[in-house]
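Chain residues, written in single-letter form:
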Amino acid sequence: MTDATGKINLLGLTQAEMEQFFESIGEKRFRAGQMMKWIHHFGVDDFDAMSNVSKVLREKLKASAEIRGPEVVSEDISTDGTRKWVVRVASGSCVETVYIPQGSRGTLCVSSQAGCALDCSFCSTGKQGFNSDLSAAEVIGQVWIANKSFGSVPAKIDRAITNVVMMGMGEPLLNFENVMDALSLMMEDQAYGLSKRRVTISTSGVVPAIDRLKDFTDASLAISLHAPNDELRTQLVPINKKYPIKELLRSAAGYMSTLGERRVCVIEYTLIAGVNDHRQHARELAALLRDFPCKINIIPFNPFDQSDYRRPSDSSIGNFRQILHEAGYTVTVRTTRADDIGAACGQLVGAVGDNTRRSERYAEAASKRLLGEAQSAATGREFTKADNLAVSADRHGA
Ligand code: SAH
Ligand code: SF4
C-alpha cells in the first residue's frame, strides 16, 4: 500500500484498513471515519484542510501518509452530457473513466486494469494487450475524481453519481482483491454510500472468481455472454474455452442465490452484424436462459479501427429484441453515447504499455490488411477473409 514515496496512500484503504492504520500510529480508531469523510465525501487530499484534526496529528500524518489519486490527463464533456476522464496510473499506462447521465441516474463506468489479458474479439481494450492491475486507490480514485468534478456532495440526495459499473477497461475479477476493496468503499457510508444494487461487477466469466465472490461482496453481477452456444462464444470470448457456458451460468446462479431479495443477474450481449445476431441465436439464447433469472442487455457493437465487425441494422437489433421479449425476458438495448469523445462501450483505449506484445501483433496484422486492401484494389482480389484469419490466428497465438 506504500508507493514510491514510501508513504501509505490512504485513498484506497477500506474502513477496516483505515482503522488498522490509525491504531498502527497510536491513534484512536474513530479517526478512521473522520478521515474517510474528508477524503471521499469532501474530496480533500491535503491534511491541512482537515479542520477537526489537530495540528500535531496532521504533522504525524504528513510524515507517513498521503492521499493520492491517479493523475488526470484529460477530461472531456460530450454534447450529450457524457464525461470522459483519461487518468494515468502508476505503471505509466492511461485508463479511462466515463460518466453517463440518464434522467435521474448518473452512471460511472470504472476501469479495473490497464489493458486486458482476455482478448475478446470485439473489444478495443483487449486489442491492446495487458499492462497492469490497478491498485485499490486507482480504482476508487476514479470515483473520487469524478465525484470531485461534480463538487463532492456528501448527502445521499441530489448526487451526480448514483450507479457504478465495473465496465471500463479490464476484467475486474482478474484484479480481485483490489476491486473488492474498491467496491466496499463505493458502498461504505463513510465513503460513497451507494446501494449494493447500484454497484455492478461485469465479467466475461472468470468462474473461480465468481465462486469466491459471495465471501467478499453483495454487489450486482453482469455476465458478458454474447453468444448462446459454446462454439460461437469461444470465438468471441476466448476464456469460454476454459470456463464454458454451463459452468459460467452455474457459478453466476450460485452467487445470485446468495443475494436473494429478487435480485437478478444482467446478461450482456454485444450484438455483431452477421456474427451473433441471427433470429436463431435469439431463440437459442431464450432457451438457454430459461431457468436462469436474468435481464438481458443488448449492446449494439461499437466499431473501432482494428475491427472488421459491423454494428447490426436497427431492424435486426429490433428483431433480436422482439424474440427475447416474446419469450418473456426483460430486454434493454443500450443506446450509444458520446461517440464524439470516444466514450462508447468497447471504445475505451487509454494508452496502455502492452506487456504481451499483442498490440504490436495487431498493428502488424492491420498493416498487412492495409497492404492487402491496396493489393486488392490493384488486382480486384478479395482479401477480407484471409485478413480475418490472420487476425484470428494472431489472437489465438497471443
Ligand atoms: N471485462 C469485463 C468488463 C469490461 S467490458 C467484461 O468483459 O464484462 C464491458 C462491456 O463492454 C462488456 O459487456 C463487453 O462485452 C462490452 N464491449 C466490449 N467491446 C465492445 C464493443 N466494441 N461494442 C460494444 N460492446 C463492447
Ligand atoms: Fe477484457 Fe472485457 Fe474487453 Fe473481454 S470484453 S477483452 S474481458 S475488457
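Quick note: structure is the one above.
Residues numbered from 1 in each chain as written. Chains lettered and ligands numbered in written order. Predicted model: local features only at pLDDT ≥ 70, side-chain atom pairs only at ≥ 80, totals over all residues.

(A) Just the packing of helix α1 (residues 15-24) against helix α2 (residues 31-41), in detail. Across the interface, α1 lies against α2 with an axial gap of 8 Å and an inter-helix angle of 120 degrees. Taken together, α1 and α2 sit at an angle that is classed as oblique. In terms of crossing hand, the pair formed by α1 and α2 is right-handed. Contacts from Q15, M18, E19 and F22 of α1 reach α2 at R31, A32, M35 and M36. Each residue belonging to the contact of α1 with α2 can be placed in one class, and the counts come to five nonpolar, one polar and two charged. (Axes fitted to C-alpha atoms, helices over the stretch in contact; angles between N-to-C directions. Helix = DSSP H or I, 4+ residues; strand = E, 2+ residues; numbered from the N terminus. Parallel < 35°, antiparallel > 145°, perpendicular 65-115°, else oblique. Left-handed = near helix turned anticlockwise from the far one by under 90°. Contact = placed C-beta atoms within 7 Å. Nonpolar A, V, L, I, M, F, W, Y, C, P; charged D, E, K, R; others polar.)

(B) Focus on the pairing of strand β6 (residues 105-109). Here strand β5 (residues 94-102) pairs with β6 via five bridges, running antiparallel. Considered in β6, the bridge of I100 is made with T107. Here β5 folds back onto β6, and the loop between the two strands holds two residues, one of which, G103, carries a positive phi near 60 degrees. Taken together, the three bridges between β6 and strand β9 (residues 163-166) define a ladder with parallel strand orientation. Looking at β9, one finds that C109 is bridged to V165. (Pairing = 2+ DSSP bridges.)

(C) Representation of the nonpolar core within the structure. Membership of the largest hydrophobic core comes to 94 residues, with the highest contact counts inside it found for I140, V143, V164, M186 and A252. Considering each element in turn, this core owes the most residues, seven residues, to helix α5 (residues 136-149). (Core = buried A, V, L, I, M, F, W, Y, C linked by C-beta atoms within 7 Å. Buried ≥ 20, exposed ≤ 12 C-beta atoms within 10 Å, placed from the backbone.)

(D) Layout of the site of ligand 2. As a structural note, the neighbourhood of ligand 2 is formed by C116, L118, D119, C120, C123, T125, G126, G170, E171, S204 and S224. Partitioned by chemical class, the residues of the shell around ligand 2 number four nonpolar, five polar and two charged. (Near = placed C-beta within 6 Å.)

(E) The arrangement of helix α10 (residues 279-288) in detail. Turning to α10, its buried residues are H281, A282 and L285. Taken down its axis, α10 places every buried residue within 100 degrees of arc, on the same side. Of the residues in α10, the exposed ones pointing more than 90 degrees away from the buried face are R279, Q280 and A287. Taken together, the buried residues of α10 touch α11 (314-326). (Arc of directions from axis to C-beta.)

(F) Quick look at the packing of α10 against α11. Contact geometry of α10 with α11 gives a least axis separation of 9 Å together with a crossing angle of 25 degrees. Considering their axes alone, α10 and α11 lie roughly parallel with respect to each other. Seen from above, α10 lies across α11 with right-handed handedness. Along the contact surface, α10 presents R279, A282, R283, L285 and A286, while α11 presents N319, F320, I323 and L324. Its residues assigned to classes, the contact of α10 with α11 shows six nonpolar, one polar and two charged.

(G) Quick peek at the sheet that holds β6. Pairing in this open sheet of ten strands is mixed, and the strands run β3-β4-β5-β6-β9-β10-β11-β12-β13-β14 from one edge to the other. Two strands in the sheet have a free side with no partner beyond their single neighbour: β3 (71-77) and β14 (330-333). When the angles between neighbouring strand axes are averaged without regard to direction, this sheet yields 20 degrees. Summarising the sheet, strand β11 (residues 220-224) and strand β12 (residues 265-271) pair through three bridges and their orientation is parallel. Its bridge partner being in β12, S224 is matched across the sheet by E268. Of the strands in this sheet, β11 and β12 touch helix α9 (residues 245-259), which is tilted by about 170 degrees from β11.

Purely geometric stuff here, so don't read any function into it on its own.
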